[in-house]
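Topology and contacts: notes
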Amino acid sequence: MGSASKLYLLVSLVAFSAILASAAGNFYRDMDITWGDGRGKILDNGQLLTLSLDKPSGSGFQSKNEYLFGKIDMQIKLVRGNSAGTVTAYYLSSQGPTHDEIDFEFLGNLSGDPYTLHTNVFSQGKGNREQQFHLWFDPTADFHTYSIVWNPQRIIFSVDGTPIREFKNSEKLGVPFPKSQPMRIYSSLWNADDWATRGGLVKTDWSHAPFTASYRNFNANACVASSKTASSCAAKARASGNNAWFSQELDSTNQKRLRWVQKNYMIYNYCTDKKRFPQGMPPECATANLS
């Protein structure tokens, strides 16, 4: 290889490394606390982030980067004790009236009662694709890993490596799929006692405030889309040697794990809610899209 070719290769690799992010997370480098007037804190030299909620305000943060496809991991320890009325949201989202969004929301509950893990997918501004779960462990006792794999074929929601939901690309059925709008990571802890716990029947008990959620071990093995077009970002991801997520699907073992979760821990699935869709179920519900 000539010197000119070697130089070109070196420049290409340097440019490529700026596109694909897969470094161990540091919250000072990766996130901005965006609201809460001091209720959000970055601690332990950037290795820990906490959000707090009291009666005057909650708090939140967002990623410095925007991403277009990738595998996003975050370890979260949820609000302990009586968390009724609180919501800890962790999601990817673009902006505007036709935004795309991939949601984890953790709905608090009375002490001893399980959290509800609420998931949703928005594409071109349309959501209404909720699935809800209880968890098979106490999410307040320790940190657990909540992951999103997002590639052009599917979105996979996982908890501690166990898939709980798969949303496949069903554009052939006329269902929009998030594939062209880069999204930031957002998280917030806020009061939603008008709906979060038992439809709003159980209100937040402010005598337990402040409520705190903790975050660590953020990792984004993903395409950083800032200042790049969607197509070039995806092309870089396809060319990477560290891109298993770009074509990831569920093998037979993980399909069994997904069915186990959905059989034993799913408490709501929009695809079985016929009363909600009297004019006909969403077209993706007729496929194997939602096991």
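The residue count restarts for each chain, going from 1 along the sequence in the order it is written. In view of the model being predicted, local features appear only for residues whose pLDDT reaches at least 70, and side-chain atom pairs are presented and counted only at 80 or more, with totals across whole chains, interfaces and linings using the full set of residues. Water and hydrogen atoms play no part in the side-chain values, which are based on all heavy atoms of the structure.

Here we look at the overall build of the chain
A helix here means a DSSP run of H or I that spans at least four residues, while a strand means a run of E at least two residues long, and both kinds are numbered starting from the N terminus. Helix and strand content of the chain: four helices and 16 strands. Only protein chains enter the accessibility calculation, which uses a 1.4 Å probe. A residue is then buried if its area is under 20% of the maximum for its type, exposed if over 50%, and partly exposed in between. Here the chain holds 291 residues, and the buried ones make up 52% of them. Pairs of residues are marked as contacts when any of their non-hydrogen atoms sit within 4.5 Å. At a minimum sequence separation of 6, the contacts of the chain that also span at least 24 residues come to 67%. What sets the accessible areas is the Shrake-Rupley method with a 1.4 Å probe; for residues, cover comes only from the shown protein chains. Carbon and sulfur atoms provide 51% of the accessible area of the chain, an area that totals close to 13600 Å².

Brief notes about the packing of aromatic side chains
Between the rings of Phe, Tyr and Trp (Trp by its six-membered ring), a pair exists once the centres lie within 6.5 Å; its type follows the angle of the planes, with under 30 degrees stacked, over 60 edge-to-face, and the other angles tilted. Following the criterion strictly, the structure yields 17 aromatic pairs and no others. Arranged with centres 5.1 Å apart and planes meeting at 90°, the rings of Phe61 and Tyr215 form a pair that is edge-to-face. Here the residue Phe61 occupies a position in strand E5 (residues 59-63), and Tyr215 occupies one in strand E15 (residues 211-224), the gap between them amounting to 154 residues. Using a relative accessible area of 0% as the deciding quantity, one classes Tyr215 as buried. Through successive ring pairs, a cluster of aromatic residues spans Tyr90, Phe104, Phe106, Tyr146 and Phe157.

Here we look at the side chain of Asn120
Along the polypeptide, Asn120 turns up in strand E9 (residues 116-122). In this structure Asn120 comes out as buried when scored by relative accessible area, which is 4%. Whenever a nitrogen or oxygen atom comes within 3.5 Å of another N or O atom, the pair is scored as a polar contact, on the condition that within protein one atom can donate a hydrogen and the other can accept it, and that pairs from neighbouring residues in sequence are kept only if both atoms are in side chains. A polar contact of 3.0 Å, which involves the side chain of Asn120, links it to the backbone nitrogen of Arg129. Non-local contacts of Asn120, meaning those with residues more than four positions away in its chain, are made with Glu101, Ile102, Asp103, Gly127, Asn128, Arg129, Glu130, Phe157 and Arg165.

A few points about helix H4 (residues 252-264)
The α-helix winds at 3.6 residues per turn, so residues separated by three or four positions along the chain end up facing the same way. Given a helix with a known number of residues, its expected span is that number minus one, times 1.5 Å. Look at H4: 18 Å from first C-alpha to last across 13 residues, which is about the 18 Å you get at 1.5 Å a residue. When H4 is considered as a whole, its buried residues turn out to be Asn254, Leu258, Val261 and Gln262. Angularly, the buried residues of H4 cover 95° about the axis, an arc narrow enough to put them on a single face. Residues of H4 that are exposed and point more than 90 degrees away from the buried face comprise Lys256 and Lys263. Against the buried residues of H4 lie strand E10 (131-133), strand E13 (162-168) and strand E16 (266-269). Working note: the arc is built from the helix axis to C-beta atom directions.

Notes on the UniProt feature "glycosylation site" (unreviewed entry) in the chain
UniProt positions are given in the numbering used here, feature names are shortened, and annotations may be inferred rather than shown by experiment. Cross-referencing UniProt, the feature "glycosylation site" (unreviewed entry) maps to Asn109 in the present numbering. Here Asn109 lies in the loop between strand E8 (101-107) and E9. Once you skip the residues sitting within four places of it in the chain, Asn109 turns out to touch Gly81, Asn82, Ser83, Ala84, Pro114, Thr197 and Arg198.

Things to note about the sheet that holds E5
For two strands to be treated as a pair, DSSP must find no fewer than two bridges joining them. Pairing is antiparallel in the open sheet, where eight strands are placed in the order E2-E5-E14-E7-E8-E9-E10-E16. In this open sheet, the two strands that pair with only one neighbour each are strand E2 (31-35) and E16. Geometrically, the sheet is characterised by an average inter-axis angle of 15° between neighbouring strands, direction not taken into account. Note on geometry: axes are lines fitted to C-alpha atoms, helical ones only across the stretch in contact, with angles between N-to-C directions running from 0 to 180 degrees.

Describing the pattern of salt bridges
We count a salt bridge whenever a side-chain nitrogen from Lys or Arg sits within 4 Å of a carboxyl oxygen from Asp or Glu. Tallied over the full model, the rule gives eight salt bridges. With a shortest N-O distance of 2.7 Å, Lys71 and Asp73 are connected by a salt bridge. Arg276 is the salt-bridge partner of Glu130, the closest N and O atoms lying 2.7 Å from each other. Of the two residues, Glu130 sits in the loop between E9 and E10 while Arg276 sits in the segment after E16, which places them 146 residues apart along the sequence.

Details of the side chain of Gln75
With respect to the secondary-structure elements, Gln75 resides in strand E6 (residues 67-77). With a relative accessible area of 16%, Gln75 lands in the buried category. Of note is the side chain of Gln75, whose polar atom sits 3.2 Å from the side chain of Thr145. In this structure the side chain of Gln75 is engaged in a polar contact, spanning 2.9 Å, whose partner is the side chain of Asn217. Setting aside anything within four residues of it in sequence, one finds Gln75 in contact with Phe143, His144, Thr145, Ser214, Tyr215, Arg216 and Asn217.

What to know about the state of the cysteines
Note on terminology: pairs of cysteine sulfur atoms within 2.5 Å are recorded as disulfides. Tallied over the entire structure, the rule returns one disulfide. Paired by a disulfide, Cys271 and Cys285 hold their sulfur atoms 1.8 Å apart. Here Cys271 and Cys285 share a disulfide; its torsion about the S-S bond, -75°, makes the bridge left-handed. Within this pair, whereas Cys271 is found in the segment after E16, its partner Cys285 is found in the segment after E16, the two being separated by 14 residues in sequence. The class of Cys271 is buried, set by a relative accessible area of 15%.

Looking at unusual backbone geometry
A cis amide bond, omega 0°, links Ala209 with the succeeding residue Pro210. By the secondary structure assignment, Pro210 is in the loop between strand E14 (184-191) and E15. Of note, Asn45 is a non-glycine position whose phi angle comes to about 55°, a positive value.

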